[in-house]
Amino acid sequence: MKVLKNWNLPDLKEAGKRTRGAVERVDSFMIPASAVNMGEGKTYWLSTYGCQANERDSETLAGILETLGYQPAQGPESADVILVNTCAIRENAMDKVLGELGSFKRIYSQRPDVIIGVAGCMAQEDEFVKRVLAHYPWVRLLFGTHNIQDLPSLLVETMDTDDRVVHIYSRQGEVYENLPVRRFGKHKAWVNIMYGCDKFCTYCIVPYTRGKQRSRTMEDILKEIRELKAAGYREVTLLGQNVNAYGKDLDQDLTFASLLEETARTGIDRIRFMTSHPWDFTQEMIDVIARYDNIMPYIHLPLQSGDTDVLRRMGRRYTAEEYKALYDSITARIPGVAVSTDIIVGFPDESDEAFAHTLEMVKACRFDSAFTFIYSPRPGTPAARMEDPVSPQVKKDRLQLLNQVWNEYALEKMKAYEGKTVQVLVDGPSKRNPAVLSGYTETNKLVNFTGEGVKAGDIVPVFIETAKTFSLDGHLVTDTPAD
Ligand code: SAH
Ligand code: SF4
Ligand code: F3S
């Protein structure tokens, strides 16, 4: 493959390096003169994979495109710019992206002027980029997680050349403030509080694709939340790979507990946060969550494994006993709290006994819900180099059994809602049945309900009639005044 001088290709080894140096806060988004209004009369299509960090990045990409004059397209077939914001967390995420990129070949052959671009975490991986460059000639632009703010000049460069444009940086990263944003939700918003991750769990690609942990300042975060509240938003979710470590990389004496408390004091109706790593979960945080009604009693607390030896090899830095003690403390001190988790089965050399420990933990904790995955080796991570004698079939069987077990407890938890009235933040008509409304409880349970005179963004009391594993059915309570 011919590598042109002005391409910047990723390098995972570089991306895994860390220094203690201060992170730069950049607040100077500018559109180059050549890009101003370049999207007038044109449209864009965005496809987003992965976690909420990517969702939020896509809102920035959309914000920048709309600042340039582009409007959302009905579908990729008619779009002038197509961007795929990718996720690298597991192999199957990659397969899906490659499938979608393959389907764009036809669009390119009919409209060779279309700009098809790939961004996000997968673009930070050298192997993926090589593959796209070799086999997907219709992808004309590749950029990564560290330079989404450069989208205007990247588009100009792509339009001005017959060659492909590749600018991916494997660096620790900066913090960019005040980039344009087109929020996809009208009542619920994502708020980044930090970027990157320094935990380096041995199975995980994120510290390489997203760079060093970089916290935003408390002022920047609170300003964004106050603006959202003033604009009518009712819920914010504070985002970070590891929110409990918020502030540790800043010079000031800031903790996530103090940020949560200040966020609660803004008076916004609902506050959520994702993801809290058990390692940095403090008692002070539990106190703050318990003290404020507008901090939702719902915690996502990834377990990954219930076996202390597997946890050690994963680099999680807590034992099974420590996890359980934290879980007990959270459930004892936050009334009505719901706890969900992430679990990986089939980590290299996970024994039957180790897996049995995971099942025991699930039985002991009775999680409200769980996101369960078969371990997927990520090239370049330490776990990908570990010996793994466990067969794929055994891993599949373990996943199935685990899902069966957590589903039973989840249904049990849901059943406890029957006959109760809960507060629901309304999203709008349900996807399946427009006559039914849907929304979420404070504990993050999906509710489908009937009722009149309710609109998206309202917080209303709903009486729960029946519970299923993944949702609750009920009706609006009309004899008490709605919120
Ligand atoms: N920062 C979060 C996790 C983000 S990734 C945390 O530490 O809790 C979301 C989930 O994907 C992880 O919790 C883990 O369960 C899963 N995951 C990450 N890497 C994986 C891999 N290589 N194979 C399978 N699942 C993985
Ligand atoms: Fe990945 Fe671990 Fe960081 Fe979560 S904390 S993003 S699992 S390295
Ligand atoms: Fe995927 Fe990147 Fe998020 S790898 S899970 S999109 S941080």
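Residues numbered from 1 in each chain as written. Chains lettered and ligands numbered in written order. Predicted model: local features only at pLDDT ≥ 70, side-chain atom pairs only at ≥ 80, totals over all residues. Heavy atoms only, no water.

Draft legend 1. Seen up close, helix H12 (residues 320-333). Taking 1.5 Å per residue, 14 residues should reach 20 Å; H12 reaches 20 Å between its end C-alpha atoms and fits that length. Taken as a whole, H12 has its buried residues at Ala320, Tyr323, Leu326, Tyr327, Ser329 and Ile330. Where H12 is buried, its residues meet helix H10 (283-291), strand E14 (298-300), helix H11 (308-314), strand E15 (338-345), helix H13 (352-365) and helix H14 (392-415). (Helix = DSSP H or I, 4+ residues; strand = E, 2+ residues; numbered from the N terminus. Expected span 1.5 Å × (residues − 1). Buried < 20%, exposed > 50% of the residue type's maximum accessible area, 1.4 Å probe, protein only. Contact = heavy atoms within 4.5 Å.)

Draft legend 2. Region of the structure containing the packing of aromatic side chains. By the definition in use, this model includes nine aromatic pairs. On the basis of an interplanar angle of 85 degrees and a centroid distance of 6.0 Å, the ring pair of Trp406 and Phe470 is categorised as edge-to-face. Taken together, the residues Trp406 in helix H14 and Phe470 in the loop between strand E20 (459-467) and strand E21 (472-476) connect sequence positions 64 residues apart. By the ring-pair criterion, three or more aromatic residues cluster together here, those being Tyr318, Tyr323, Tyr327 and Phe367. When the ring centre of Phe373 is taken as reference, the NZ or CZ atom of Arg90 above it lies at 3.7 Å. Between the NZ or CZ atom of Lys199 and the centre of the ring of Trp279, over which it lies, the distance is 4.0 Å. (Phe/Tyr/Trp six-rings, centres within 6.5 Å; stacked < 30°, edge-to-face > 60°. Lys NZ or Arg CZ within 6 Å of the ring centre and 35° of its normal.)

Draft legend 3. Layout of the site of ligand 3. For ligand 3, the full set of nearby residues is Cys51, Asn54, Cys87, Ala88, Ile89, Cys121, Val206, Arg210 and Gln241. For the shell around ligand 3, the per-class residue count stands at six nonpolar, two polar and one charged. In terms of domain composition, the shell around ligand 3 takes at least three residues from each of domain 1 (24-167) and domain 2 (185-415). (Near = heavy atom within 4 Å. Nonpolar A, V, L, I, M, F, W, Y, C, P; charged D, E, K, R; others polar. Domains from an automatic or database assignment.)

Draft legend 4. Looking closely at the side chain of Ser329. The topology assignment puts Ser329 in helix H12. Owing to a relative accessible area of 14%, Ser329 belongs among the buried residues under this scheme.

Draft legend 5. Representation of H13. The end-to-end C-alpha distance of H13 is 20 Å, a good match for the 20 Å that 14 residues give at a rise of 1.5 Å each. Restricting attention to buried positions, one finds in H13 the residues Ala354, Phe355, Thr358, Leu359, Met361, Val362 and Cys365. Projected down its long axis, H13 carries its buried residues within an arc of 155 degrees, all on one side. Those residues of H13 that are exposed and angled more than 90 degrees off the buried face are Asp352, Glu353 and Glu360. Contacts made by the buried residues of H13 are with H11, H12, E15 and H14. Backbone geometry just after H13 places Arg366 at a positive phi near 45 degrees. (Arc of directions from axis to C-beta.)

Draft legend 6. Summary view of the environment of Ala245. Among the secondary structure elements, Ala245 is positioned in the loop between strand E12 (235-239) and helix H9 (256-265). Taking the C-alpha atoms as reference points, Ala245 and Ala134, separated by 111 residues in sequence, lie 40 Å from one another. Once residues lying within four places of it in the same chain are set aside, the contact partners of Ala245 are Met194, Lys199, Gln213 and Asp280.

Draft legend 7. Structural context of the nonpolar core. Among the nonpolar cores identified, the biggest contains 71 residues, and Leu238, Phe256 and Ile330 are the most heavily contacted of them. Within the second largest apolar cluster, 35 residues are counted, among which are Ala73, Val84, Leu101 and Val139. (Core = buried A, V, L, I, M, F, W, Y, C linked by side-chain atoms within 4.5 Å.)

Draft legend 8. Expanded view of the pairing of strand E4 (residues 81-86). Among the six residues of E4, six are classified as buried, and the element is accordingly described as predominantly covered. The two faces of E4 match: Val81, Leu83 and Asn85 on one face and Ile82, Val84 and Thr86 on the other face are all buried. Across five bridges, strand E2 (residues 43-48) lies against E4 in parallel orientation. Looking at E4, one finds that Thr48 is bridged to Asn85. Sheet topology note: the E4/strand E5 (residues 115-120) ladder contains six bridges and is parallel. Among the inter-strand pairings, Ile82 is bridged to a residue of E5, identified as Ile116. (Pairing = 2+ DSSP bridges.)

Draft legend 9. The arrangement of unusual backbone geometry in detail. Met274 connects to Thr275 through a cis peptide bond whose omega is -5 degrees. As for its position among the elements, Thr275 is in the loop between strand E13 (270-274) and H10. Of note, Asn37 is a non-glycine position whose phi angle comes to about 60 degrees, a positive value. As for its position among the elements, Asn37 is in the loop between strand E1 (25-26) and E2. Looking at Asn37, the relative accessible area reads 44%, which means it is partly exposed. Phi is positive for Arg366, close to 45 degrees, though the residue is something other than glycine. Here Arg366 shows up in the loop between H13 and strand E16 (369-374).

Read these as geometric descriptors, not functional statements.
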